[in-house]
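Chain residues, written in single-letter form:
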Amino acid sequence: MTDKEISEIRRRFRPDRTNITHIVGCYVSDNREIIARFDQSVALATENEREKYMALLKRSLSGGQGKNLLDITFQTAQVADSDEHRLLMNLRDSGLKNESVLDQFFETVVQALAMETNYVILLAHDVYDVPYKGRDGGRMSDGSDTQFSYIVCSICPVKLTKPNLCFDAHEQTFHLQTQDFVVAAPELGFLFPAFDSRSTNLYNALYYTRSADNVHEDFIEAVFRTEPPMAAADQKETFQLMLSDSLEESCSYDVVQTMHSHLSDLIADHKANHDPEPLVLTKQQVEQVLESCGVEAAELESFDKRFDDEFGADAILSPANLIDAKQMQVNTPDVTIKVNPERKDLVETRVIDGAKYILVRADDSVEVNGINIHIQE
């Protein structure tokens, strides 16, 4: 799904735009026991309740693609005949009104998902009459013959609030408000099926994780029966180790600086062009950058093999997962230097009288512990 397609579905989660008639769910304890089940009519809910429900569901389609929003892809055999895909289809096609199907889904989630707090599973079903769009991207007024029927799931921790002093207008004084359990923002969730090319794609789901460092692999394996995507933090660490180990002594500051500059430029250009398609990076693109830095053929071959082993030969990565485009950081066991990406030229490495140095040009003001100092000639 592109950013525009995700945004188009996100706009559905408003009381005046959605066709969601009810929200079903269950309340689960931290020791994996279902405490309660519920089926909330949207029409009978208060305005504030409707807005809160919609906000939680909408939050499950937020964040950056490749970090918080991940594509889940089903194999053809799964779509043709598999318990996991059949369950998701039955949830959607029943409009979340089949109790046995709901029981099966809730039990699957509860057995797979371990959380430190109690949590709520929210499920909603919507049918979207997809409007035509003209060549200029504007919506046409003559309706549509395409419907997108989908379910969205949000799994939200339930947290205990802290006691606070609250003002009682009737008594004109402050009282200690008792602790209460509140539903927090979703920890994970998903949309099924995917909304690709503004139409239904039964081969994909869009998965959400609040933390880019934790994709909740057990949940993905239980619900989708597919290989969990690598978390963004793991991608970054793997890529860093892969460069260091495969290039060995050729992995110099200049090589890393050039790679950082190239990826930063890709990210900046993609943002400036407002490209709706996700930005991706292939193995061949990385190897072209390394080759431009003078990396030898044997080391490129080592990188090629390591890439295939870690990510897969045809893997595509998100550059934003591999670097921090806002800064470069140089670390030694005792020193950390943070570098403005636009001024990476201020840092260089050098060997002087057999000793290795990191040199930082300091033409402008220099502060130590917040105090301006002067560098003596």
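Note that residues are indexed from 1 along each chain, following the sequence as it is written. Per-residue local features are limited, in this predicted model, to residues with pLDDT of at least 70; the limit for side-chain atom pairs, both in listing and counting, is 80 or more; totals at the level of whole chains, interfaces and linings are taken over all residues. Excluded from the side-chain calculations are hydrogens and water; all other atoms, namely the structure's heavy atoms, are used.

K.L.:
Could you give an account of the packing of helix α8 (residues 253–272) against helix α9 (residues 283–292), naming the residues involved and the relevant values?
P.N.:
Between the N-to-C directions of two axes lies an angle of 0 to 180 degrees, each axis being a line fitted to C-alpha atoms and, for a helix, fitted only over the stretch in contact. Each helix corresponds to a stretch of at least 4 residues labelled H or I by DSSP, and each strand to a stretch of at least 2 residues labelled E; elements are numbered beginning at the N terminus. Contact geometry for α8 and α9: axes closest at 10 Å, N-to-C directions at 135 degrees. Considering the angle they form, α8 stands oblique to α9. Once α8 is placed against α9, the crossing between them reads as right-handed. Between α8, through V255, T258, M259 and H262, and α9, the contact on the second element is made entirely by V286, V289 and L290. Here the term charged refers only to Asp, Glu, Lys and Arg, the term nonpolar to Ala, Val, Leu, Ile, Met, Phe, Trp, Tyr, Cys and Pro, and the term polar to all other amino acids, Gly among them. Taken together, the residues of the contact of α8 with α9 sort by class into five nonpolar, two polar and no charged. Between 65 and 115 degrees an angle is taken as roughly perpendicular, under 35 as roughly parallel, over 145 as roughly antiparallel, and anywhere else as oblique. In this scheme the handedness of a crossing depends on how the near helix is turned from the far one: anticlockwise by less than a right angle means left-handed, clockwise means right-handed. Residue contacts follow a heavy-atom distance rule, with two residues in contact if any of their heavy atoms lie within 4.5 Å.

K.L.:
Describe the packing of aromatic side chains, naming the residues involved and giving the relevant values.
P.N.:
The geometry of an aromatic ring pair is captured by two quantities: the separation of the ring centres and the angle between the planes. Pairing of aromatic rings covers Phe, Tyr and Trp, the last counted by its six-membered ring, and requires centre-to-centre distances within 6.5 Å; plane angles under 30 degrees mean stacked, over 60 mean edge-to-face, and any other angle means tilted. This model, assessed by the stated rule, comprises 14 aromatic pairs. For the ring pair F190 and F219, a centre distance of 6.4 Å and an interplane angle of 45 degrees mean the geometry is tilted. Of this pair, F190 sits in strand β9 (residues 188–192) while F219 is found in helix α6 (residues 217–224), placing the two residues 29 residues apart along the sequence. Like F190, the residue F219 is buried in the burial classification. Exposure classes here rest on a 1.4 Å probe applied to the protein chains alone. A residue is buried below 20% of its type maximum, exposed above 50%, and partly exposed in between.

K.L.:
An account of a negative patch on the surface is requested, with residue identities and associated values reported.
P.N.:
There is a patch of like negative charges on the surface, built from D213, E217, D218, E221, E227, D234 and E237. Elements that contribute at least two residues to the negative patch include exactly α6 and α7 (232–247). If you tally residues by element for the negative patch, the top one is α6, at three residues. Within the secondary structure, D234 sits in helix α7. Only residues whose relative accessible area exceeds 30% and that take part in no salt bridge are eligible for patches, with like-charged residues grouped when within 9 Å of each other and nonpolar side chains (Val, Leu, Ile, Met, Phe, Trp, Tyr) grouped when within 5 Å. To be clear on the numbers: accessible area is Shrake-Rupley with a 1.4 Å probe, and residue cover counts the displayed protein chains and nothing else. Salt bridge criterion: a side-chain nitrogen from Lys or Arg within 4 Å of a carboxyl oxygen from Asp or Glu. Under this rule, positive means Lys or Arg and negative means Asp or Glu; His and the chain ends count for nothing. Where a charge lies is defined by one atom per residue type, namely NZ (Lys), CZ (Arg), CG (Asp) and CD (Glu).

K.L.:
Give a description of the pairing of strand β12 (residues 204–209) that names residues and reports values.
P.N.:
Within β12, six of the six residues are buried, which leaves the element mostly enclosed by the surrounding structure. Of the two faces of β12, the one lined by N204, L206 and Y208 and the one lined by A205, Y207 and T209 are each fully buried. Should DSSP find at least two bridges between two strands, the strands are regarded as paired. Note: strand β3 (residues 69–73) against β12, five bridges, orientation antiparallel. Across the sheet, residue T73 finds its bridge partner in β12, namely N204.

K.L.:
Can you break down the pattern of salt bridges residue by residue, with the values?
P.N.:
As enumerated under the stated definition, the model contains 18 salt bridges in all. Here R12 and D126 are joined by a salt bridge, their closest N and O atoms 3.0 Å apart. With R12 in the loop between α1 (3–10) and β1 (22–28) and D126 in strand β4 (residues 118–130), this residue pair connects regions lying 114 residues apart in the sequence. Judged on exposure class, the residue R12 and its partner D126 are both buried. Among the ionic pairs, R306 bridges to E310, the shortest N-O distance being 3.2 Å. Within this pair, R306 and its partner E310 are both found in helix α10 (residues 297–310), separated by four residues, close to a single helical turn. Put simply, R343, D345, R361 and D363 are held in one network by salt bridges that share partners.

K.L.:
How would you summarise the nonpolar core if you had to cite specific residues and measurements?
P.N.:
Nonpolar cores were defined as sets of buried Ala, Val, Leu, Ile, Met, Phe, Trp, Tyr and Cys residues, with membership established by side-chain atoms within 4.5 Å. Membership of the largest hydrophobic core comes to 37 residues, with the highest contact counts inside it found for F105, I121, I155, F190, F219 and F224. Broken down by element, the residue count for this core peaks at six residues, all from helix α5 (residues 99–112). Leave out the neighbours within four places in its chain, and F190 touches L88, F105, I151, V152, C153, L206, Y207, F219 and F224. With 28 residues, the next largest nonpolar core counts M54, L56, L61 and F148 among its residues.

K.L.:
Tell me what's going on with α9, and back it up with residues and numbers.
P.N.:
Regarding α9, the residues found buried are K283, V286, E287, V289 and L290. Along α9, the residues classed as buried sweep out an arc of 155 degrees about the axis, all on the same side. Across α9 from its buried face, at more than 90 degrees, point the exposed residues Q288, E291 and S292. Among the structural elements, α7, α8 and α10 are those in contact with the buried residues of α9. G294 sits one or two positions beyond α9 and adopts a positive phi of about 85 degrees. Note that the arc is computed from the directions linking the helix axis to the C-beta atoms.

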